[in-house]
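# Coordinate analysis (summary)
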Amino acid sequence: MAMPTRRESRGLVPDLLDWLEAPFTGGRPYTGGQMVRFEDTVRDGHYVVRAELPGIDPEKDVEVIVSNGVLTIRGERKEERSEPHRTEFRYGEFSRSVALPPNADEQGVKAVYHDGILEVDIPLAEEKPDTQRVPVETQR
């Protein structure tokens, strides 16, 4: 009897990379969830988060929530199967949260989906100094 190839046994054992990435990226390969890859930057006074979400309908399959200083992107990638086949695509629910900078304007958030990338733009208020120097007067 021949040993199963890696391709044949993939459904039983998750990829080693899935297991290694999970603690760092929020993926849950061992519970059926899927990872959402993020990149973030500060650009022209805005905090910008980009999420890699190919193959979704942004109007039906994804939700962007901002609450109490946290941005959450969640949704579901649905699989439509008509016949048995092998796939390495990930389907199912996904969710990922990231803490916003303290000066984020939660009321001005905008989200745009284009070519499989969801870009969330959060304006940043001007940072006010945390400390203030108080002059000391001499009393005479």
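Our subject is the structure listed above.
Each chain has its residues counted from 1, running along the sequence as written. The model is predicted, so local features are restricted to residues of pLDDT at least 70 and side-chain atom pairs to those at 80 or more, both for listing and for counting; the totals for chains, interfaces and linings are taken over all residues. To get the side-chain values, take all heavy atoms of the structure and skip hydrogens and water.

### Here's the deal with the side chain of Asn103
Selection criterion: Here a helix means four or more residues in a row that DSSP labels H or I, a strand means two or more in a row labelled E, and each is numbered from the N terminus. The buried label goes to any residue with under 20% of its type's maximum accessible area, the exposed label to any with over 50%, and the partly exposed label to all in between, with areas taken from a 1.4 Å probe on protein chains only. The term polar contact refers here to a pair of N or O atoms within 3.5 Å; inside protein, the definition further demands a hydrogen-donor-capable atom paired with an acceptor-capable atom, and it admits residues adjacent in sequence only when both atoms are side-chain atoms. Contacts were defined at the residue level, with two residues in contact if any of their heavy atoms lie within 4.5 Å.
Inspection of the secondary structure assignment puts Asn103 in the loop between strand E5 (92-99) and strand E6 (110-114). Judged by its relative accessible area of 15%, Asn103 is buried. Within the structure, the side chain of Asn103 is placed 2.8 Å from the backbone oxygen of Ala125, a separation counted as a polar contact. Residues contacting Asn103, with those up to four places away along its chain left out, are Pro123, Leu124, Ala125 and Glu127.

### With respect to the sheet that holds strand E2 (residues 46-52)
Note the following rule: Only when DSSP finds a minimum of two bridges between them are two strands counted as paired. Only the stretch in contact is used when fitting a helix axis, every axis being a line fitted to C-alpha atoms; angles between N-to-C directions are given from 0 to 180 degrees.
Spatially, four strands are ordered E1-E2-E7-E6 in an open sheet, and the strand pairing comes out antiparallel. Two strands close off the open sheet at either side, each with one partner strand: strand E1 (37-43) and E6. Taking the axes of each pair of neighbouring strands and ignoring which way they run, one obtains an average angle of 20° across the sheet.

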